[in-house]
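# Descriptive structure summary
So the chains spell out like this:
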Amino acid sequence: LNWIIDLVLLDLTMPKFSADEAIHQILSVHPNARIVISSGYSLTGETAQNLLSKGAVAFVQKPYQPEELAGIVRSVLDFRIRPETINKEAA
């Protein structure tokens, strides 16, 4: 099967993979996938900034309203190429 993945919503903290490892694995198989990170931690934190530099394209901080997440997802999907980082404050 040839899968096309347009967007992945990835939590910063996961039990089996680090987010860094997950981003690497996803982009190695689907280099055009857009990865949105979700976390209760701040975007200004070193971990979130590191993941954005590794290929994640957006960040949404928990807790968020469904409308906020939908707006970020729509903004990311509307780009035809890898967008600049879009975060909750800019959406």
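Residues numbered from 1 in each chain as written. Predicted model: local features only at pLDDT ≥ 70, side-chain atom pairs only at ≥ 80, totals over all residues. Heavy atoms only, no water.

Time to look at the nonpolar core. Counting 16 residues, the largest nonpolar core has L10, I23, I35, I37, L51 and A56 as the members making the most contacts within it. Listing elements by their share of this core, those giving two or more residues are β1 (7-11), α1 (19-29), β2 (34-39), α2 (46-53) and β3 (56-61). It is α1 that contributes the most residues to this core, 5 residues altogether. With near-sequence residues (within four places) excluded, I23 lies in contact with L10, I35, I37, L51, K54 and A56. Of all hydrophobic cores here, the second largest spans 7 residues; its members include V36, V57, V60 and L69. (Core = buried A, V, L, I, M, F, W, Y, C linked by side-chain atoms within 4.5 Å. Buried < 20%, exposed > 50% of the residue type's maximum accessible area, 1.4 Å probe, protein only. Helix = DSSP H or I, 4+ residues; strand = E, 2+ residues; numbered from the N terminus. Contact = heavy atoms within 4.5 Å.)

A regular strand places its side chains so that they alternate between the two faces of the sheet. Here β1 shows one buried face, formed by V8 and L10, and one open face, formed by L7, L9 and D11. Here β1 pairs with β2 via 5 bridges, running parallel. Paired with L7 across the strands is R34, a residue of β2. You can see the chain leave β1, run along α1 and come back into β2, and the turn it takes is right-handed. (Pairing = 2+ DSSP bridges. Right-handed = clockwise from strand over helix to strand, strands pointing away.)

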